[in-house]
Structure formats: structure tokens, C-alpha cells
Number of protein chains: 2
Amino acid sequence: MDERWQALKPDEAQSTPLYLQFARKLADAINAGWWQADEALPSERTFSDELGISRVTARKALDVLLEQGLIRRRHGSGTFITPRLEQPLSRLTSFTEMLKQKGFEPSSVWLERSIATPTHDEVIKLGLSPTAQVVRLKRQRLADGVVMAIEQSTLPLAYLPDPQAVGSSLYAFLDAAGHPVVRALQHIRAVNAGPDIAASAGIKQGEAMLLMTRIGYTADNVAIELTDTWCRNDYYDFVAELRR
Amino acid sequence: MDERWQALKPDEAQSTPLYLQFARKLADAINAGWWQADEALPSERTFSDELGISRVTARKALDVLLEQGLIRRRHGSGTFITPRLEQPLSRLTSFTEMLKQKGFEPSSVWLERSIATPTHDEVIKLGLSPTAQVVRLKRQRLADGVVMAIEQSTLPLAYLPDPQAVGSSLYAFLDAAGHPVVRALQHIRAVNAGPDIAASAGIKQGEAMLLMTRIGYTADNVAIELTDTWCRNDYYDFVAELRR
DNA sequence: CGTTTTTGATACCTTCTTAATACCAGTTGT
DNA sequence: ACAACTGGTATTAAGAAGGTATCAAAAACG
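The name an unreviewed UniProt entry assigns to chain A is GntR family transcriptional regulator, from the organism Vogesella margarita.

(A) Spatial organisation of the protein's contact with DNA strand D. In the vicinity of DNA strand D there are 24 residues, among which Arg-55, Arg-59 and Gly-76 of chain A together with Arg-45 and Arg-55 of chain B approach most closely. When atoms of DNA strand D within 4 Å of the protein are split into backbone and base, the sugar-phosphate part holds 59%. Within the side chain of Thr-79 of chain A, an N or O atom sits 3.1 Å from a phosphate oxygen of DNA strand D. Arg-59 of chain B places a polar side-chain atom, nitrogen or oxygen, 2.9 Å from a phosphate oxygen of DNA strand D. Along the lines of polarity and charge, the residues of the surface near DNA strand D split into no nonpolar, 12 polar and 12 charged.

(B) Highlighting the side chain of Ser-169 of chain A. Residue and element names in this part refer to chain A. Tracing the backbone shows Ser-169 in the loop between strand 5 (146-156) and helix 7 (170-176). When its relative accessible area of 13% is taken as the criterion, Ser-169 is described as buried. A polar side-chain atom of Ser-169 sits 3.1 Å from the main-chain amide nitrogen of Ala-172.

(C) Molecular detail of unusual backbone geometry. The backbone phi angle of Asn-221 of chain A is positive, close to 65°, even though this residue is not glycine. When you line up the elements, Asn-221 of chain A lands in the loop between strand 7 (208-217) and strand 8 (223-232). On the accessibility criterion, Asn-221 of chain A (51% relative accessible area) is exposed. Its identity is not glycine, yet Asp-144 of chain B carries a phi of approximately 50°, on the positive side.

About the criteria used
Residues numbered from 1 in each chain as written. Chains lettered and ligands numbered in written order. Predicted model: local features only at pLDDT ≥ 70, side-chain atom pairs only at ≥ 80, totals over all residues. Heavy atoms only, no water. Near = heavy atom within 4 Å. Polar contact = N/O pair within 3.5 Å; in protein donor to acceptor, adjacent residues only side chain to side chain. Nonpolar A, V, L, I, M, F, W, Y, C, P; charged D, E, K, R; others polar. Helix = DSSP H or I, 4+ residues; strand = E, 2+ residues; numbered from the N terminus. Buried < 20%, exposed > 50% of the residue type's maximum accessible area, 1.4 Å probe, protein only.

Next up, the structure:
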């Protein structure tokens, strides 16, 4: 067991804060399967004693992992690692959630909030009736004040009577309205930035961008959201882990 | 660590301002992967002391990188390199697989099979020793005779002594050699096609392409394969299903 | 030649991390 | 009911990090 503590020990000489170092190492250890799912981790005091760090530092590292959903704490009982089944590899997270997790300050600027007649493409993809109308939302997505993506969402008017009512998070709004998105199909392509998108995103025209097209479904399998997101390629990284 | 400082040191004799020289060198170092995402850079005072420049100079250089979004500063904490926004994907199916299912005939043409000295980037990503050599494989991927993607794989020479021995499937070869890839991390970005890739892929220079970078791991968690695949955006469309 | 801008150095301020405590509040086993 | 764990919270303090204001020399410019 002793080598294990060694591997978790943060390095004082590095300039990265101790708690971040420890958080990373502990996350690696958990992912490497050092502890069984639902097994208690060593207590905060044990970490503190064995690694020669203060309990506050150990605790702050655990806070990070808690934020990532890797562990769960039970007051008086202990800290447990979250069973893998409950943390699907590809969680459907909103832009807002993802940024907060990364320590950025998310914000958005509305470019458009209007009611419109759907295009043919939208009618098909959202399974609309020919006469239905839609709400169109277009905005810049910012992290710490920097434009990271341009997002255009289309929703059936029936689910979103007032376009102005949406706050900073569309998903939060849909949750509150009783129509949470639980599943989504996402297509990813590369496109050259057109003049309008380039201008909104603050990049040169023709620059390569990732175009993510997502169709969100509610629990009863109704397509409720069609979102095109043009992602600035220098800030986004799409990651997939494959196993066989 | 000492050679590193040497490489960052600006040259007083040059006419370009010290802080610009330093900014450039530091940016190169970051791009070369000297520090991990979310890791802290040395402090401004450390740079100042080690490089024999004033703290303001070091700071002005960091200002430049901050402007470029390469780094983030946290008052009282340190300077960190900006993490990319990771968008997790799973159940990723590529268009080639769909093509196969639809009955297209995949094939490939070798462009290069050689032994080479790894780039700095490859050394980092494959965890190589500085003296190790690698095999480089480059080929066109075709479907019914049309170029769909350009693929360049890099493997440690130790695992693949003879580049010519690889048949049409790299994975089949590795399986037979007793080093099957069981897990892979795949990153997807958008890039503008450079002159060489454009020529090989039969498209115009500057056209947006999907660049898929895959690192394959064996059962004992050793990185054995680094593959860059430039996918023609008119033929590729990655699909992922997300849940929460 | 004088003026303005750039560059670099110094000193001081604010904020964050880390640590050392102490104490509170649930949980568990005896 | 109790003792001995667990996590949760608050306080204090020192040290280290980025933030900022000021000034001097050098370069660029009119």
C-alpha cells in the first residue's frame, strides 16, 4: 500500500497548486481502479496524514472531484467513488455546465430571438406539422468574455411560447418548463466559416470550424430542439474514448 | 530543466523587444506540450529570476499570450495554460463504417512507409524515450476509388520493426503481432487543408477538413499508435448519441 | 532637437493557496 | 447511550502568486 501513497503525493517543487496536483493524481488512481465502486476512499484525515498535506488541501482536491461527479460524500460516513454506470462517458452537458466545471465564466449575447416559419429541413428533423411555427434563438457563446461558439437553436413554438423568456441556459429553461432534454443525436462536420459566422465569431472568413448539429429529444422521444453550433476550432476539442 | 530555461531566454543583442522574443519562445514551448492543460506555468517571478529579465518584461510577454487565449491567469494562484473545451462523444460511428455497411468498397494506397526520428510532439504523446525511433505510415483512404481521407500513423519502432510488413489493416497487424489496441483516445478538430494534404486528398487548399487524432493503447496501457486522419468534410460526418 | 512612445525596473497592493487549529454534525458499532 | 469514527465549517495566519502604479532610460518620431 505504501507505493500507492507515494504515487498520490503532490510535488512541492511544481508551481501547480498542491490541491490541483493531488486532485489529478487521485482522479487517475480512481480511473485506474484502485478502489471498487461504492467502496469508501480513505478519509480526509488519512490522506492528510499519509501525504503530509493539510486536511484543507486534501479536502479541496476532493471538492474538485466532487464537482466532476467522480466521487460522492456522505456526511459522517465517508467518501465514495461514484459507480461507473452512473457516470456515462458522454454526458449530455450544456455549454453553461461544461464551462463552469472548467472554471470559466460562461455568458452569452443574444443575436436573435424570434418566431419564424420553419425551413423544410427543420420540419423534417423536428417532425413538425406543416403549419407549425418555431422559435429561433441565435447567440454568441462566451467564456470569460471570449467568443467560443455561435449557436442557433430552433424549437417548436408549442414548447417555448415566449422566446424572450429564455435566460442564459436553454437547457435550464427546458428543465424548468417540464420538458428536459434527456437524449441527443449529434453530428459533427468541418466547415469553412462564412462571412456572417466569421464576423460573429471574431475570426477570419474561410477559417475551419467545427459545425455540431444536435437534435435533442425529451423523455417521450419527441424532438424538441435543433441546434447548430459553430465551434471555434482553437478552443474546442471533441474527445471520444473507444474500447473494444 | 536547465536546457528549458536556455531555450526560453531572449537575446539581448537582437533588436526585437525582449518581451516579444520571450512571448514567442514561450508560445512555442506551450504548443510543444511542455506543460499539460490546466497545469500552472512557472510564476512571473520565476521567469524573471531564471531568465535574467525584469518581471514586467516577463509579464508583458504573458500579456501577449493571454491576448491569444493561450493562457489564463488566476490572481493569487498562478498562470495556467488554457484547457480546450472538451466535448465528450461516445458510440462514435464514422461515415466510413456507414459506407461499408452500404456496400462501398474501401481501399488504400500507401504514400509513405519509413523509419524516422519522432517529432517533439510525438515523443510527448507516445511517451517515447528521446532516442527512440518510430515508423511512419501514410496512406490515402479510398471508397470506390475516391479519396476520402489521408491517414498518417506513427508507431514506436520497437513494436513494428519492418514498416513494409504492414498489410492493408494496421490493427489486424498489431493483433497478429500480439499488441492489440484495446482502448483509444480520439480527438477531433477542424483544420484548413494545407498544400500537401489538399493535393493528396484532391481538394482545394484551405478547404475545411476534420482532423481526427487517435492515440491507441495496448492492454497494459502503453501508447502504441498515434494516428492523424484528415477527413474530407464532404464525405465525413461523425454521429454521437448523448444521454444524461 | 524636443516630444512621444516603447521598454524595462522597482515598489507596493490585492488575492489565493496552504496550513494549523478548533469545533460542529452526522454515522456506525459497541 | 456512548465512543470513535466520518465529513462540514469557521478562523487565523504566513507566504506566494498575479495586479498595478510609478519612474527612468532608450528608442522612435515629428
